[in-house]
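As a plain string of letters, each chain reads:
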Amino acid sequence: MVEVDFDLCEANGVCVGLAPDVFELDDDDQLIVTDAADLPENKAAIDDAIAGCPRAALRWRP
Ligand code: SF4
């Protein structure tokens, strides 16, 4: 599963662009991880988001 370090996340939306089925920003600019994060077909996009997060706020926990 993917984990968000909310102390690091600055809600810039980079992960939303890379994995739009998995990450959303709510009206308060709080990052939300959707249930789609559990789908194997989204793993590659999640990996892209982990690599692309400029704050290194995402981690994969097997
Ligand atoms: S890319 Fe990183 S800093 Fe930006 S919203 Fe996603 S987790 Fe937060």
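Please refer to the structure higher up on the page.
Residues numbered from 1 in each chain as written. Predicted model: local features only at pLDDT ≥ 70, side-chain atom pairs only at ≥ 80, totals over all residues. Heavy atoms only, no water.

A. Region of interest: the pattern of salt bridges. Using the criterion set out here, one finds three salt bridges in the structure. E3 serves as the salt-bridge partner of R61, at 2.5 Å between the closest nitrogen and oxygen. Taken together, the positions of R61 in the segment after β4 (58–60) and E3 in strand β1 (residues 2–4) put the pair 58 residues apart, joining distant regions of the chain. By relative accessible area, which is 46% here, R61 ends up partly exposed. Relative accessible area serves as the criterion here: at 28%, E3 is assigned to the partly exposed category. D47 is paired through a salt bridge with K43; the nearest N and O atoms lie 2.8 Å apart. Here K43 and D47 lie together in helix α2 (residues 43–52), a separation of four residues that amounts to about one turn. Residue classification places D47 among the partly exposed positions, given a relative accessible area of 32%. When its relative accessible area of 28% is taken as the criterion, K43 is described as partly exposed. (Salt bridge = Lys/Arg side-chain N within 4 Å of Asp/Glu carboxyl O. Helix = DSSP H or I, 4+ residues; strand = E, 2+ residues; numbered from the N terminus. Buried < 20%, exposed > 50% of the residue type's maximum accessible area, 1.4 Å probe, protein only.)

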